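Chain by chain, the residues:
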There are 4 protein chains.
Amino acid sequence: MGMIGGGKDAFIGAIHRHAAFMDGLIELACGALSIQPEIARESGKQLFLPQDRIYLTFEEMIAKEKALPEDKRMDFVTIVTPNFAHFAPAMLALENGFHVVIEKPMTFTLEEAMQLKRKVDATGLVLCLTHTYSGYPMVKQARAMMREGTFGKIRKIYVEYAQGWLSRLSEREGNAQAAWRTDPKRSGKAGAMGDIGTHAAHLAEYITGLKITKLCAALNTVVEGRHLDDDGGVLLGFEQEATGVLIATQVAAGEENNLTIRVYGEKGGIEWKQQEPNTLLVKWLDKPMEVLRAGSNYTSALSSFATRNCRTPGGHPEGYLEAFGNIYHNFAQTLMCRLDGSRPTPEMLDFPGVDEGVRGMAFIDNVVASGQSDEKWTTFSV
Amino acid sequence: MGMIGGGKDAFIGAIHRHAAFMDGLIELACGALSIQPEIARESGKQLFLPQDRIYLTFEEMIAKEKALPEDKRMDFVTIVTPNFAHFAPAMLALENGFHVVIEKPMTFTLEEAMQLKRKVDATGLVLCLTHTYSGYPMVKQARAMMREGTFGKIRKIYVEYAQGWLSRLSEREGNAQAAWRTDPKRSGKAGAMGDIGTHAAHLAEYITGLKITKLCAALNTVVEGRHLDDDGGVLLGFEQEATGVLIATQVAAGEENNLTIRVYGEKGGIEWKQQEPNTLLVKWLDKPMEVLRAGSNYTSALSSFATRNCRTPGGHPEGYLEAFGNIYHNFAQTLMCRLDGSRPTPEMLDFPGVDEGVRGMAFIDNVVASGQSDEKWTTFSV
Amino acid sequence: MGMIGGGKDAFIGAIHRHAAFMDGLIELACGALSIQPEIARESGKQLFLPQDRIYLTFEEMIAKEKALPEDKRMDFVTIVTPNFAHFAPAMLALENGFHVVIEKPMTFTLEEAMQLKRKVDATGLVLCLTHTYSGYPMVKQARAMMREGTFGKIRKIYVEYAQGWLSRLSEREGNAQAAWRTDPKRSGKAGAMGDIGTHAAHLAEYITGLKITKLCAALNTVVEGRHLDDDGGVLLGFEQEATGVLIATQVAAGEENNLTIRVYGEKGGIEWKQQEPNTLLVKWLDKPMEVLRAGSNYTSALSSFATRNCRTPGGHPEGYLEAFGNIYHNFAQTLMCRLDGSRPTPEMLDFPGVDEGVRGMAFIDNVVASGQSDEKWTTFSV
Amino acid sequence: MGMIGGGKDAFIGAIHRHAAFMDGLIELACGALSIQPEIARESGKQLFLPQDRIYLTFEEMIAKEKALPEDKRMDFVTIVTPNFAHFAPAMLALENGFHVVIEKPMTFTLEEAMQLKRKVDATGLVLCLTHTYSGYPMVKQARAMMREGTFGKIRKIYVEYAQGWLSRLSEREGNAQAAWRTDPKRSGKAGAMGDIGTHAAHLAEYITGLKITKLCAALNTVVEGRHLDDDGGVLLGFEQEATGVLIATQVAAGEENNLTIRVYGEKGGIEWKQQEPNTLLVKWLDKPMEVLRAGSNYTSALSSFATRNCRTPGGHPEGYLEAFGNIYHNFAQTLMCRLDGSRPTPEMLDFPGVDEGVRGMAFIDNVVASGQSDEKWTTFSV
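Cut-offs used in this document
- Residues numbered from 1 in each chain as written.
- Chains lettered and ligands numbered in written order.
- Predicted model: local features only at pLDDT ≥ 70, side-chain atom pairs only at ≥ 80, totals over all residues.
- Heavy atoms only, no water.
- Helix = DSSP H or I, 4+ residues; strand = E, 2+ residues; numbered from the N terminus.
- Rg over C-alpha atoms; globule rule 2.2 N^0.38 Å.
- Buried < 20%, exposed > 50% of the residue type's maximum accessible area, 1.4 Å probe, protein only.
- Contact = heavy atoms within 4.5 Å.
- Areas by Shrake-Rupley, 256 points an atom, 1.4 Å probe, with all protein chains shown as cover.
- Lys, Arg positive; Asp, Glu negative; His and termini not counted.
- Charge placed at Lys NZ, Arg CZ, Asp CG, Glu CD.
- Buried area = accessible area lost by both parts, 1.4 Å probe.
- Salt bridge = Lys/Arg side-chain N within 4 Å of Asp/Glu carboxyl O.
- Least-squares fit on C-alpha atoms with pLDDT ≥ 70 in both.
- Axes fitted to C-alpha atoms, helices over the stretch in contact; angles between N-to-C directions.
- Parallel < 35°, antiparallel > 145°, perpendicular 65-115°, else oblique.
- Nonpolar A, V, L, I, M, F, W, Y, C, P; charged D, E, K, R; others polar.

J.: An account of the overall build of chain A is requested, with residue identities and associated values reported.
T.: Helix and strand content of chain A: 12 helices and 14 strands. Taken over the C-alpha trace, chain A has a radius of gyration of 21 Å; the compact-globule value for 382 residues is 21 Å, and the two agree within 12%. Principal-axis analysis of the C-alpha atoms gives chain A an extent of 65 × 50 × 40 Å. Burial statistics for chain A: of 382 residues in total, 65% are counted as buried. Of the contacts formed within chain A by residues at least 6 apart in sequence, a portion of 67% connects residues at least 24 apart. For chain A, the accessible area works out to roughly 13400 Å², and carbon and sulfur atoms hold 50% of it. Side-chain charges of chain A comprise 40 positive and 47 negative groups, with the mean position of each set lying 2 Å from the other.

J.: Provide a residue-level description of the interface of chain A and chain B, including the pertinent values.
T.: By a widely used convention, the size of an interface equals the accessible area lost when the partners come together. Taken together, the contact between chain A and chain B spans 45 residues of the former and 45 residues of the latter. At the boundary of chain A with chain B, total buried surface from both sides reaches about 3200 Å², with 54% on carbon and sulfur atoms. Its largest share of buried area at the contact with chain B, chain A owes to Arg155, Ala253 and Lys376 of chain A, together 19% of the area lost on that side. Viewed at the interface, chain B and chain A are joined by 8 salt bridges. The partner of Glu255 of chain A in a salt bridge is Lys283 of chain B, and the shortest N-O contact between them spans 2.4 Å.

J.: Give a detailed account of helix H6 (residues 137–147) of chain B, specifying residues and quantitative values.
T.: For H6 of chain B, the buried fraction is high: 10 of the 11 residues fall into the buried class. With its phi angle positive at about 75°, Gly149 of chain B sits one or two positions after the end of H6 of chain B.

J.: Residues and numbers for the environment of Cys337 of chain D, please.
T.: Residues and elements named next belong to chain D. Along the chain, Cys337 turns up in helix H11 (residues 320–340). Take Cys337: its relative accessible area is 6%, and that puts it in the buried class. Sequence-wise, Cys337 and Val282 are 55 residues apart; in three dimensions their C-alpha atoms are separated by 35 Å. If sequence neighbours within four positions are ignored, Cys337 has contacts with Ser342, Arg343, Pro344 and Met348.

J.: Provide a residue-level description of the relation of the copies chain A and chain B, including the pertinent values.
T.: The transformation that overlays chain A on chain B combines an axial shift of 0.0 Å with a rotation of 180°, and the residual RMSD is 0.0 Å. Both chain copies can therefore be described as sitting about a two-fold axis. The rotation axis passes nearest to the C-alpha of Lys376 of chain A in chain A, at a distance of 2.0 Å. Here 100% of the interface residues in chain A have copies in chain B that are interface residues too; the copies meet face to matching face.

J.: Give me the packing of helix H3 (residues 58–67) of chain B against helix H4 (residues 87–95) of chain B: which residues, what numbers.
T.: Residue and element names in this part refer to chain B. Following both chains from N to C, one finds H3 and H4 inclined at 10°, their axes separated by 10 Å at the closest point. Taken together, the axis directions place H3 and H4 in an arrangement best described as roughly parallel. For the pair H3 and H4, the contacting residues are Phe58, Glu59 and Ile62 in the first and Ala88, Pro89, Leu92 and Ala93 in the second. Residues belonging to the contact of H3 with H4 are distributed by class as follows: 6 nonpolar, no polar and 1 charged.

Written as structure tokens, this is what we have:
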């Protein structure tokens, strides 16, 4: 793979590398790791890249890699830059025949997302969007149970993503992560809702298979001096009459990365917490709660979508990097099938793509519109 | 005490008795335990009441008890009937000089609540409203920390009360509890919001000391054939710019009595779960989470409002009945102070009263109004 | 009931009263609440006892109560004095025809315990031993599942009781509880093993129905200057080839009252923690763990021994006082059956008695002997 | 690295690869992946090894790799065969100048372990023993707190490792893992005590810095027909008068990989559970429990030994593979220092080595001897 962004000191670039390397299927072949040449060079060196595949711009990387023999060039690009710098390299990569992995939110605007979608559809290339949390095996288990109708008709969906790290005006205190994520020019029109609200919305739609149809949002900028929302609550309507609540906040002081989802149907429901990801609570109206665990022996109780995404037996906790790794792993296996002409299994194809990217950008548009509206309900439009 | 309602097979009457008896300060002196004479008589006998103090109507009870010598008559009435039958006995008791304990919601309508308030103010009698959950010591601890400004300005308040017991149309299946609670003629204009939403709203205001100023509600009747809301989500505005979310649902299949509150200020916050009530999680922006426990030795860390409401040392779990008992205990001690002319301490006076009853009825009115409105925000009016 | 010991400031006397009063079946009729006359009088007054039933010695109480007409006198005595002062009042009560409730350990020596056993057998009176923890509904549920062979043959039993309150030499710092419990003249030949080890051993035998047959103990006096063991670990052999480990310590600094038991059979097992008593974890070799909860709706999953000892529906936590209350409640119902000539149900008879008291005293003897022995195994003898 | 053992379908070989690859510092250069040539070849191909570096025996691999130019040959071997096949390849690798990573227990016998120790001492090569659990950041945090005397003198150490996967005679049911681990010819003289008891003993010594000085073991073969212990309880004495209990069992039906350690000193203590590895409970005698979390912001509260072994910020759970990866990462960084002549930091050197391997083998010898002895205490000898 060729990485765009992710130079030393970047947060998410390192995460992508851990995740990609873990299973021994993917190597870092080249990179345009920073727009600052010095950092690009140093970072490439630290990552053991050969001198001639440390590039200074993504344009250079894509052009030069394309010029290499097919069996030498990178197989795909992975884009880990801030939001405003997703679209251009993604589009250029697709235009030049490279598959793409891209951080969420997929683009800076919904319009860009639509363009990428059209390009992906036209080229038949694969775009993988790293909505990490859908890579956890017990999230996949929850989705499988919902699909099978285990709990009857779905009624209620509660999802929340609470962090505390923006409780202060850290963007003015030298925190680079905070700086770009709260800057409308780099992050987009939403703050917390774009950064983590999109994860929550995706998780809800992924697990339930139901799409959000309307929403009513109250967005707040809690910390004075900040330029984007850092907090919000959203009432949700879904397909098939399900309803729910979405909370996303970055000012819940003392919270780390508290993403939690609960879904209830007629007969019971599930609860999953990202901070204890190997456990899926399965609640029942008429019998005791069950605790499903990733990697367990009672494999008959677990869907193949869950078991295929575990690397260890039960009791050996897997975490965030493994969930991230699952997305890369499934993406890589899909590409390998393309190479050898075989047909990827549904489990291999189970990673977020360009359609999820479009939904995410639409979520941002709709939730911001609702936040500014005096009417209760805003119809979710794409 | 004299009990109105609470005959055999009633749920909450038995709870009140356990709670009242626990500390040895209160005895059941008499009762009008059912409107069905046979049940009233049998229930009284089972409770070891003397024959002549088993009454068939609350009017009879109040009249005959008043006719007894002062040191023989009951000291107060406790009203544990369905909502529609709260006001009349409460008013009659107050008019005849008896203090009153009353189940929540205080009345059937806000107008009745206002009348009770005026009567209490006029007579100087004590009305105690059994919002049980504010009787837990760790709830009182949370309130004490908020009052002292431990976390700086309060920013976010999340409260939810999730039950699953109305996931089916149980009111048509012979469930007496379900029958009256989902019947607008007996329960009032709200279902879940009246039954448990009022608890959640009270808990939020009790802990933070901030009043709800506006709300945006989506109320649902999820189970077909039901006549009142059984589910809802509410976006909240509070005094001093705090905001929040309230969830109340009785169709979260598999949930028992999952009342949870989290409050975040500038420096940290608290989390309390009714189902693990002896623990208060205290989260901090800049240091590790602390786990405060009821009855602990490190008493300097706990407020007197918490410690005075524990009966056992740390590690001996106290529960719902003890929380309920604390409300009775504080109420009883307040009455005993009246009798001996002493001044009750702030800790003794720490039980919900007629003002909280009025707020609860106003919450019902406002949340139902918002639920029917197309405008996003409804100003909370009393 | 007539209480012996339990004057103001005593710990366990107050607990007994809360527990006894809770269900409205038992009243405090009289007391010999302290050997210090002033405290006995004041305590009696605080507890609303009539002047003439505040006694200064247990001999006086038993004599004068016996002289009252049968329908006026106390029905039983409850003995809440330190260990060395259990036997004399218990024996005198039995000799005078009174039933007895008594704190554990039952006596000061095994020999005294044997004498009580013979007296109980001879008189047919009821002796109830307050091993509180067997009063919890989910402990009873665990026992019921074991009895039914739910998990196949029982293999492993791990029980531990960890406290931290004796981590310092508190007996020299004015802590009255610590003073008598660490004093061989008042507590007996064992410290931690007598105070809490007996609870752990009883719980293990109660739940599994298997008796300890041999043990290997390492007892320690960790805090310098202390006169009894404050810590110990014990390897256990049980009937039917089950084995286990018992830990009892009062120097686990930071622990409150951490009593935990796990039992494993061929097919699965249970885990119960006193500090979260309403939950019973049920683990299975071949399927997901289940979480059984006290008071739940899925009553078919719960034994009548569990459900009869719950006062509230699921999600309304009951605690230590309710468990204690269950012992009093079952004892009281057994006595009421005697009064009206009916036959108590097995559920009513489910409280610890004189046999458990003898086993407890034998445990103390055997564990102390093993602690002093250089041989690995000491056969458990009574 | 060159891998010995770990062909397809082996459990621990795949784990080693995930762990080694994760940080991008280590590549699989060659392998002797199975003693069955067909499997060795297929496995090598699946792992993308070049044809000429897929070896059929470890002797061939070591010889041929040594013959390669220094910058082409493997830097170290990693040995992931069953216990009986650890010593020979390790010794041959050391004799030929290769560093070694080796699975625990280090050898088949204590004598072999002593020989390896002498060879390591003589050659100055690095031997890394994969006691995974000491790779977790919060284990390192616990160790750092103990070293700093945070809790005063250490008094009690409880460690247990409970699994259920050998509850049946799986070694006769085609389970290859069970087959070798319960076979004295391949596993050694201990079963559960060798497989997981050694982990528990190492964890206790690693965290506390105290060595076991005596022990009293009861070992059991619970499942009929098995040839080694599958269960045991051990009373422990440590240096500096600390005492403790170690439990290791593979017949706790329903347990996954429940490794838990608690250590108590004069002022408080710690609790860590492998199944929730990112949390360290810190208990205090005189103040509320604190919950330390891996990756947290309050870095001043965390030791550099903890923070250097986290890859993600708080709330992004890391697990077993990351802990395993930390051992490889620290080992690799130590080797890189050797290559560039710099001095590794104490944090880099923080991985188990040959001394821990010798202690582990001595633990096996001593615990088996104690299990067979009628005397209570066996002095721990090496």
